Each structure stands twice: as structure tokens, then as C-alpha cells.
Amino acid sequence: MYAQLRHSGWRPLEALGHIAFGIALLAAGLALAGADLLGGWTQAGLFLTGGG
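Cut-offs applied
- Counting from 1, residues in each chain are numbered in the order their sequence is written.
- Confidence filtering applies because this is a predicted model: local features only for residues at pLDDT of at least 70, side-chain atom pairs given and counted only at 80 or more, and all residues used for totals across whole chains, interfaces and linings.
- Think of the side-chain values as coming from all heavy atoms in the structure, minus any hydrogens and water.
- Labels follow the DSSP assignment, with helices taken as runs of H or I lasting at least four residues and strands as runs of E lasting at least two, numbered in each case from the N terminus.
- Relative accessibility under 20% of the residue-type maximum defines a buried residue, over 50% an exposed one, and the middle range a partly exposed one, all with a 1.4 Å probe and only protein chains included.
- A 1.4 Å probe and the Shrake-Rupley method give the accessible areas. Residues count as covered only by the protein chains that appear here.
- Each patch is assembled from residues with relative accessible area greater than 30% and no salt bridge, linking like charges that lie within 9 Å and nonpolar side chains (Val, Leu, Ile, Met, Phe, Trp, Tyr) that lie within 5 Å.
- We count a salt bridge whenever a side-chain nitrogen from Lys or Arg sits within 4 Å of a carboxyl oxygen from Asp or Glu.
- Here pLDDT means the predictor's own confidence in every residue, given as a number from 0 to 100.

## Quick word on the overall build of the protein
Alright, step 1. Counting its secondary structure elements, the protein contains three helices and zero strands.
Alright, step 2. Residue burial in the protein is summarised as follows: out of 52 residues, 8% are buried.
Alright, step 3. Only carbon and sulfur atoms are counted for the fraction: they give 71% of the accessible area of the protein, which is about 4500 Å².

Structure, rendered in C-alpha cells:
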């Protein structure tokens, strides 16, 4: 398998890395949008720390 990955230039691993990075960016974007919908950063912070 190592020889196959080396021969193909590690493209499968690069593709998996890019997909994982894209999913992480999407999750962060959804979290930020959710914080705005909850009423702003202060409310979100209180919610996350258990103070709300």
C-alpha cells in the first residue's frame, strides 16, 4: 500500500485532508451562524460556559 501511495503522489491522503478541512470549515461556519442566531457572542459565551 505504501508503494501505491508513493507512486500516486499521496493524492488519496491529500484528498482526505482537503475533505476533512472543508468539513471543519463548514462546521465552524455553522457554529458562528448559530451564535449570531442565539443573540450574539455574549449570549453564546454564557450558554457555553453554563452561565446562561
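## A word on the environment of Gly 34
Alright, step 1. Tracing the sequence through the fold places Gly 34 in helix H2 (residues 11-37).
Alright, step 2. Judged by relative accessible area, Gly 34 falls into the partly exposed class, the value being 26%.
Alright, step 3. For the pair Gly 34 and Ala 44, spaced 10 residues apart in sequence, the C-alpha separation works out to 8.6 Å.

## Topic: a nonpolar patch on the surface
Alright, step 1. Together, Leu 13, Leu 16, Ile 19 and Ile 23 line one region of the surface with nonpolar side chains, adding up to about 410 Å² of accessible area.
Alright, step 2. Structurally, the position occupied by Ile 19 is in helix H2.
Alright, step 3. Relative accessible area serves as the criterion here: at 51%, Ile 19 is assigned to the exposed category.

## What about the confidence of the model for the protein?
Alright, step 1. Residues of the protein with pLDDT of at least 70 account for 71%, and the chain-wide mean is 76.
Alright, step 2. Across the protein, the secondary-structure element scoring lowest on mean pLDDT is helix H1 (residues 2-7), at 63, and the one scoring highest is H2, at 84.

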